[in-house]
Each structure stands twice: as C-alpha cells, then as structure tokens.
Amino acid sequence: MAKVLITGGTGLVGKHLCRRLKDLGYEVSVLSRSKLKSTEFETCFWDLDSDVIDVKAINSADYIIHLAGINIGEKRWTTKRKQLIVDSRIKS
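The model shown is predicted, which means the values in this text are computed figures rather than measured ones.

Engineer: So what's going on with the sheet that holds strand E2 (residues 27–32)? Residues and values would help.
Structural biologist: On the basis of which strands lie adjacent, the open sheet formed by 5 strands has the order E4-E3-E2-E1-E5 and mixed pairing. A single partner strand is all that each edge strand has here, and the edge strands are strand E4 (52–53) and strand E5 (63–66). Two strands pair when backbone bridges link them, and E2 and strand E3 (residues 42–47) are joined in this way by 4 bridges, in the parallel orientation. Bridged to Val30 within E3 is Thr43.

Right under this line is the structure:
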C-alpha cells in the first residue's frame, strides 16, 4: 500500500486522519516540529524556522497531506493573528 506523510498529524484532525488511513492499509508517517516520537506512527522532524526537514520522509512519501498551521480557535482574530494564520500555512 502507499505511504502517506502528514504535516499536522498530531493535531485534532491529523490524529483522526492518521488512524483512519492506517485502518485502510496505508503506511502513515507524521512530519512534526516536535522531536518526541509517536508510538503509533513514524515521526519525522521539521523546523520551519531553522529550515530543517527530514528529506527522506519527503522523498519516500507517495502522498503528502498538509494540515499544519497554528490553531485558528486559540485566540481572537486580530489583523496580526490573521496574518500569522495565513503565514503558518503558506510558508510551511
């Protein structure tokens, strides 16, 4: 079966999607800013600020699902916050 790499795989939607894809027979790995290893899925490291990413994870993936971004419900949507929301999705 195909290998799927998910950014944002530790978030609310990402966790459910990872489990569902695994149940469907996909090999799932997560691209995360945290170096903590998931016991359920392979975790590959990336740090947007330092421009560091696990290139092997990208190259070995058949599909990449991009769910990463700051929490949209965490704080009030000021002009600055709206820009942070957009940047967290576009720049990554």
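Still more to cover.
Engineer: Before we move on, can you summarise the pattern of salt bridges with the specific residues and values?
Structural biologist: Evaluated as defined, the whole model comprises 5 salt bridges. Residue Lys3 is joined to Glu42 by a salt bridge in which the shortest nitrogen-to-oxygen separation is 3.3 Å. Here Glu42 lies in strand E3 and Lys3 lies in strand E1 (residues 3–7), a separation of 39 residues in the sequence. One network of salt bridges, in which partners are shared, links Lys3, Glu27 and Glu42.

Engineer: Hey, could you go over the pairing of E1 for me, with residue numbers and the actual values?
Structural biologist: Most of E1 sits out of view: 5 of its 5 residues are buried. A two-sided burial pattern is seen for E1, the buried positions comprising Lys3, Leu5 and Thr7 on one face and Val4 and Ile6 on the other. Sheet topology places E1 next to E2; 5 bridges connect them, and they run parallel. Along E2, the bridge assignment pairs Thr7 with Leu31. Once the chain exits E1 it traverses helix H1 (residues 12–23) before rejoining the sheet at E2, and the crossover so formed is right-handed. Here 4 bridges tie E1 to E5, and the two strands are oriented parallel to one another. Looking at E5, one finds that Leu5 is bridged to Ile64.

What counts, and where the lines are drawn
- Residues numbered from 1 in each chain as written.
- Predicted model: local features only at pLDDT ≥ 70, side-chain atom pairs only at ≥ 80, totals over all residues.
- Heavy atoms only, no water.
- Pairing = 2+ DSSP bridges.
- Helix = DSSP H or I, 4+ residues; strand = E, 2+ residues; numbered from the N terminus.
- Salt bridge = Lys/Arg side-chain N within 4 Å of Asp/Glu carboxyl O.
- Buried < 20%, exposed > 50% of the residue type's maximum accessible area, 1.4 Å probe, protein only.
- Right-handed = clockwise from strand over helix to strand, strands pointing away.

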